[in-house]
Amino acid sequence: MAILLTGLTAATMRGGYGLIPDAALLIEGESIAWIGPRIEAPKAQTIDCGGKLLTPGLIDAHTHLVFAGNRAAEFELRLQGASYEEIARAGGGILSTVTSSRAASEDDLVAQSLPRLDAMIAQGTTTIEIKSGYGLTIEDELKMLRAARRLGRMRPVTITTTHLAAHAIPPEYKENPDAYIEGVAIPSLRAAHAEGLIDAVDAFCETIAFSPAQVDRLFTAARALGLRVKLHAEQLSNLGGAQLAARHAALSADHLEHLSPEGVADMARAGTVATILPGAYYTLRDTTPPPIAALRAAHVPMAVATDCNPGSSPMTSLPLAMNMACTLFRMTPEEALLGTTAHAARALGLADRGTLVPGQRADLCLWNAQHPAELSYRIGAEALHRSIIGGRLDA
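Fair warning: this is a prediction, and the values are worked out from it, not measured in the lab.

Engineer: Please give an account of the UniProt feature "domain: Amidohydrolase-related" (unreviewed entry) in the protein that cites residues and values.
Structural biologist: Mapped onto this numbering, the UniProt entry gives "domain: Amidohydrolase-related" (unreviewed entry) at residues 54-371. In residues 54-371, the share of helix is 45% and the share of strand is 15%. The end C-alpha atoms are 9 Å apart.

So this is what it looks like as structure tokens:
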């Protein structure tokens, strides 16, 4: 049945906000069938939205949502002066969560992750990327990915899954990361692909993780399977990860605090999205922001994501990430909303969402707001009125 939403200020996110005042939008099945001024709307069963702001459903293009335990103790250590690298090299950091996640069953992972997923949904998120990376054995990586797929069946949102076995070097391979890439990362990738568990492949290219040469081998294996890639790049140092990502036609390069001008240029040429993660910058009290002005000048699309994870960004709210991106990095509210809609969809390789145009999936958010800038302006506000996911008014 077709449903016509009226009494809207619609932010179509085409060419910026793409605002349509006094708008109407027609839903047919799971898709947007028409959008435009209310006075031109076709006849259909009507729901008056009372002047609320309508946007595409928010898209979180970088999360580590599935994990066990927490790292509140490390938060205290950082406040006492320990650095992220010092904690990681002492066996904490990612490896601490690896220990907890290996000990957890698939059911445990689902049970611990579901409240985080529900918190995201309550803030307007309708599509969520979830990475593995806290198992670091073949079976534990598969366990994480199976848990993520299960979460996608338990709620009406779309969940995409990303293989991230090249997240950290586990203790048993501490002296031989090359053997880990060949013995765990690539075999787990192939096993996950064979089981239909992954949509993309990621890696952490950093001095405390994997070198560009090691990541290159993993990405070559991924692309041989027809999988798209993305990369944690230039977060703590500049290893040329962005250039590596661009050479592999990556969907995105993420973090990018230490991105070089050469990296910006290569990303622009490759069409690789820059995924900005202000939660990690904030939590780690970083002082080197990503080069937003250079990315803007080069017309590199910028996504904004929560980076939800237990150590460096225990955050589930995309509106809060938008506020941080504006406040910490001087992104504009328009860029921040594009970063959680149209550009986030591009960062996941999803062409069917992220804008309000006919033919797109009817993932929608109605907000208690009059202008889209309010979504970045407010701090911790509960602005969401309701979500409509896949055209379902009961979502």
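Engineer: Break down helix H7 (residues 212-224) for me, with residues and values.
Structural biologist: Taking 1.5 Å of rise per residue, the 13 residues of H7 would be expected to cover 18 Å, and the 18 Å separating its terminal C-alpha atoms lies within 8% of that figure. Taken together, the buried residues of H7 touch strand E7 (158-166), helix H6 (177-194), strand E8 (200-205), strand E9 (228-233) and helix H8 (241-247). Two residues or fewer after H7 comes Gly 226, characterised by a positive phi angle close to 80°.

Engineer: Any chance you could break down the UniProt feature "binding site: 4-imidazolone-5-propanoate" (unreviewed entry) in the protein for me, citing the residues and the numbers?
Structural biologist: According to UniProt, the feature "binding site: 4-imidazolone-5-propanoate" (unreviewed entry) maps to Arg 71, Tyr 134, His 167, Gln 235 and Ser 312 in the numbering used here. On the secondary structure map, Gln 235 appears in the loop between E9 and H8. Its relative accessible area of 5% is what places Gln 235 among the buried residues. Within the element layout of this structure, Ser 312 appears in the loop between strand E12 (302-304) and helix H12 (318-329).

Engineer: How would you summarise the pairing of strand E2 (residues 19-28) if you had to cite specific residues and measurements?
Structural biologist: Looking at chain direction, strand E1 (residues 3-11) and E2 are connected through six bridges and run antiparallel. Within E2, the residue paired with Ala 11 across the bridge is Leu 19. With six bridges connecting them, E2 and strand E3 (residues 31-37) associate as antiparallel partners. Residue pairing across strands places Leu 25 opposite Ile 35, the latter belonging to E3. With antiparallel pairing between neighbouring strands as the criterion, E2 and E3 make up a hairpin whose turn holds two residues, including Gly 29 at a positive phi of roughly 65°.

Engineer: If you had to explain helix H3 (residues 94-103) to someone new, which residues and values would you point to?
Structural biologist: Here H3 has its buried residues at Ile 94, Leu 95, Thr 97, Val 98 and Ser 101. The buried residues of H3 occupy an angular sector of 150° when the element is viewed end-on, so they sit on one face. The exposed residues of H3 that point more than 90 degrees off its buried face are Thr 99 and Ala 103.

Engineer: Account for the sheet that holds E9, with residues named and values stated.
Structural biologist: Across the sheet, eight strands lie side by side as E5-E6-E7-E8-E9-E10-E11-E12; this open sheet has parallel pairing. The open sheet has two edge strands, strand E5 (58-60) and E12, and neither has a second partner. Within the sheet, the average angular offset between the axes of one strand and its neighbour, ignoring direction, is 25°. With three bridges joining them, E7 and E8 adopt parallel strand pairing. Across the sheet, the residue bridging to Thr 162 is Ala 200, located in E8.

Engineer: Let's hear about the sheet that holds strand E14 (residues 384-388): which residues, and what values?
Structural biologist: Across the sheet, six strands lie side by side as E3-E2-E1-E4-E13-E14; this open sheet has mixed pairing. Here the strands that pair on one side only, and so sit at the sheet edges, are E3 and E14. Sheet twist, expressed as the average angle between the axes of neighbouring strands with direction ignored, equals 40°.

Engineer: Summarise the packing of aromatic side chains; cite the residues concerned and give the values.
Structural biologist: Evaluation of the coordinates by the stated rule reveals four aromatic pairs. Each ring, one from Tyr 173 and one from Tyr 180, has its centre 5.4 Å from the other, and the planes form 70°; the classification is edge-to-face. A residue is classified by how much of its surface remains accessible, and Tyr 173, at 23% relative accessible area, is partly exposed. Tyr 180 gets classed as buried once you look at its relative accessible area, which sits at 0%. For the pair Tyr 281 and Phe 329, a centre-to-centre distance of 4.8 Å together with 80° between the ring planes defines the contact as edge-to-face. With Tyr 281 in helix H10 (residues 278-283) and Phe 329 in helix H12, the pair connects residues that are 48 residues apart, well separated along the chain. Its relative accessible area of 7% is what places Phe 329 among the buried residues. Here a set of aromatic residues connected by ring pairs shows up, and it is made of Tyr 173, Tyr 180 and Phe 210. Directly above the ring of Phe 67 sits Arg 116, whose terminal nitrogen or CZ lies 3.6 Å from the centroid.

Engineer: So, the side chain of Ser 188: which residues are in play, and what are the values?
Structural biologist: Inspection of the secondary structure assignment puts Ser 188 in helix H6. Residues in contact with Ser 188, not counting those within four places in the same chain, are Ile 138, Glu 141, Leu 142, His 163 and Ala 165.

Analysis parameters
- Residues numbered from 1 in each chain as written.
- Predicted model: local features only at pLDDT ≥ 70, side-chain atom pairs only at ≥ 80, totals over all residues.
- Heavy atoms only, no water.
- UniProt positions renumbered as here; feature names shortened; annotations may be inferred.
- Helix = DSSP H or I, 4+ residues; strand = E, 2+ residues; numbered from the N terminus.
- Expected span 1.5 Å × (residues − 1).
- Contact = heavy atoms within 4.5 Å.
- Buried < 20%, exposed > 50% of the residue type's maximum accessible area, 1.4 Å probe, protein only.
- Pairing = 2+ DSSP bridges.
- Arc of directions from axis to C-beta.
- Axes fitted to C-alpha atoms, helices over the stretch in contact; angles between N-to-C directions.
- Phe/Tyr/Trp six-rings, centres within 6.5 Å; stacked < 30°, edge-to-face > 60°.
- Lys NZ or Arg CZ within 6 Å of the ring centre and 35° of its normal.

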